[in-house]
Amino acid sequence: MTTRRLVTNPFAAPEAVAPPADAGAVVPRAFHQSLPGYAPTPLPPLPAAAEALGVRAVWLKDESERIGTPSFKILGASWATCRVLADWLGVEIAEVADFALLRAKLTAAVEQTGRPLALAAATDGNHGRAVAIMARLLGLSARIFVPADMVAERIAAIESEGAAVEVVDGGYDDAIRRSAEVAGPDVLVVSDTSWEGYTEPPAWVIDGYSTMMAEVHEAIAAGEADEPTVIAAQIGVGAFAAAVVRGFARPQGPRLIGVEPTLADCVTVSIERGELTEIPGPQTSIMAGLNCGTPSQIAWPDMQQASTPSPPPPTTMPARRCGCSLVMVWSPVRVGRPVPPGCSLIVTHSVSPATMSSSSSRPKAPLIRRRMRRSCVQAPTTTPPPRVRLRGR
Ligand SMILES: Cc1ncc(COP(=O)(O)O)c(C=O)c1O
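Residues numbered from 1 in each chain as written. Predicted model: local features only at pLDDT ≥ 70, side-chain atom pairs only at ≥ 80, totals over all residues.

Undergrad: For the overall build of the chain, give the residues involved together with the corresponding values.
TA: The helix and strand tally for the chain stands at 12 helices and eight strands. Classification of the 393 residues of the chain by burial places 55% in the buried group. Contacts in the chain between residues far apart in sequence, at least 24 positions, make up 73% of those at least 6 positions apart. (Helix = DSSP H or I, 4+ residues; strand = E, 2+ residues; numbered from the N terminus. Buried ≥ 20, exposed ≤ 12 C-beta atoms within 10 Å, placed from the backbone. Contact = placed C-beta atoms within 7 Å.)

Structure (structure tokens):
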């Protein structure tokens, strides 16, 4: 059964959103540019999607290939890793904001201690894999904690990066708790969600995502895309959403739309209640990376402040006569043949994990989710939404 839900954020105050952070003169992008395999990801126009949505144009920030991974998550994981290791080394970030320099200093320091150093993270998606990749690239070990319902192929993908994967009895929040337990001088936790007393690395993860926003702004400045009137982004704990908000929220700026699985709608519920709220699990979206029950504490203020409060967004996409353009900042769809012609990129589907053991499986029971950091928009209501093939986290 399709569920449709629209939540308009009454707390919108785009002028209050923090600008993208940097570390003095050092911006995450400089570090990213030094990573093996870094290149800006494409922002192609999707005319079929625009036609289906009834808008003038749609651009998709296609993150299906990012530094050797199938998601943008490595932008946050790599920058947070760099900053966590700078702290561990006791050096200024400027001294190690280059991958080769970081690796050289780290190798020497680890040798000096005579003890192995590990990175740790909890994940229900791509973040853990990205941390595992960083550990491998830096010659460290990695301990990645995953929820009990993580599908075998995702675990295998993390293990293929050389990480030790521990399946936690419970959901994503339980995996987070387990990762926090192992933190110590020789086990550095690089989490993309925050909790009481643990806020810096998740903030650095958000900072790391700013590289993607910079790329979008550059593409717009270069005339490769128009200034958008709507930006849509998916939400798990909200770290990515916070980065999108920081990159684009401004008075009279584009409408920001957050998209959540219906059954993992912790930010939508938080917006509705006016306070950060943990929802009961289990969360069962086909997109495991969005199966989160608790918004990130540090991402929450930006999500709460980001969108324009009034007039409320339309319950369908903006009408053709508006001539608006829309940018999907990221989508789990791969641009190309797997995208059904005429698909609506702003509509995603959620099904139980049991239906997604194969990456080619299609949602059997689409649940529309969408939500917003300020305003949540639901899909048109009378016809079933077009299906979009989801790729993993
Ligand atoms: C591709 C992708 N998009 C979105 C998310 C959710 O990001 P966040 O938890 O920062 O909201 C994830 C999480 O793993 C992901 O892998």
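Undergrad: I'd like a rundown of unusual backbone geometry, residues and numbers included.
TA: Glycine aside, a negative phi is what most residues show, and trans is what most peptide bonds show. In this structure, Pro282 follows Gly281 across a cis peptide bond, with omega equal to 0°. Checked against the element boundaries, Pro282 lands in the loop between helix 11 (266–273) and helix 12 (300–305). A positive phi angle is found at Ile67, which is not glycine, with a value near 50°. Here Ile67 shows up in the loop between strand 1 (57–60) and helix 3 (73–89).

Undergrad: Provide a residue-level description of helix 3, including the pertinent values.
TA: Along its 17 residues, helix 3 runs 24 Å from first to last C-alpha, staying within 8% of the 24 Å computed at 1.5 Å per residue. Along helix 3, 14 of the 17 residues are buried, which leaves the element largely enclosed by surrounding structure. Two residues or fewer past helix 3, Gly90 is found with a positive phi of approximately 75°. (Expected span 1.5 Å × (residues − 1).)

Undergrad: Account for the nonpolar core, naming residues and giving values.
TA: Residues Leu119, Val131, Ile144 and Val244 are the most contacted members of the largest nonpolar core, which totals 99 residues. Built from parts of two domains, this core gets at least three residues from each of domain 1 (14–67 + 203–356) and domain 2 (73–197). Dropping the residues within four chain positions of it, Ile144 is found in contact with Ala121, Thr123, Gly128, Val131, Ala132, Ile158, Ala163 and Val165. (Core = buried A, V, L, I, M, F, W, Y, C linked by C-beta atoms within 7 Å. Domains from an automatic or database assignment.)

Undergrad: Requested: an account of the pairing of strand 6 (residues 230–234), with residues and values cited.
TA: Counting buried positions along strand 6 yields five of five residues, so the element is predominantly enclosed. Of the two faces of strand 6, both are covered, the one formed by Val230, Ala232 and Gln234 as well as the one formed by Ile231 and Ala233. Each parallel crossover has a hand, and for strand 6 linked through helix 10 (residues 239–248) to strand 7 (residues 255–259) it is right-handed. (Right-handed = clockwise from strand over helix to strand, strands pointing away.)

Undergrad: Go over the sheet that holds strand 5 (residues 187–189), please, and point to the residues and values.
TA: A sheet is described by the order of its strands in space; here four strands give the open sequence 4-3-2-5, paired in parallel fashion. Looking at which strands have only one partner, the edges of the open sheet turn out to be strand 4 (164–168) and strand 5. Taking each pair of neighbouring strands and ignoring which way they run, the sheet shows an average axis angle of 25°. Pairing geometry for strand 2 (residues 118–122) and strand 5, over three bridges, is parallel. Residue pairing across strands places Ala118 opposite Val187, the latter belonging to strand 5. (Pairing = 2+ DSSP bridges. Axes fitted to C-alpha atoms, helices over the stretch in contact; angles between N-to-C directions.)

Undergrad: Before we move on, could you go through the packing of helix 3 against helix 6 (residues 126–138) and cite the residues and values that matter?
TA: For the pair helix 3 and helix 6, the least separation of the axes is 8 Å and the interaxial angle reads 50°. Taken together, helix 3 and helix 6 sit at an angle that is classed as oblique. With respect to the hand of their crossing, helix 3 and helix 6 are arranged in right-handed fashion. On helix 6, the residues that touch Lys73, Ile74, Ala77, Ser78 and Thr81 of helix 3 are Asn126, His127, Ala130, Val131, Ile133 and Met134. (Parallel < 35°, antiparallel > 145°, perpendicular 65-115°, else oblique. Left-handed = near helix turned anticlockwise from the far one by under 90°.)

Undergrad: Now, about the confidence of the model for the chain: what can you tell me, with residues and values included?
TA: On average, residues of the chain score 76 in pLDDT, and 74% of them reach the 70 mark or higher. Scored below 50 in pLDDT, residues 307–393 shows 255 contacts in the model against residues more than four places distant or in partner chains. (pLDDT = per-residue confidence, 0-100.)

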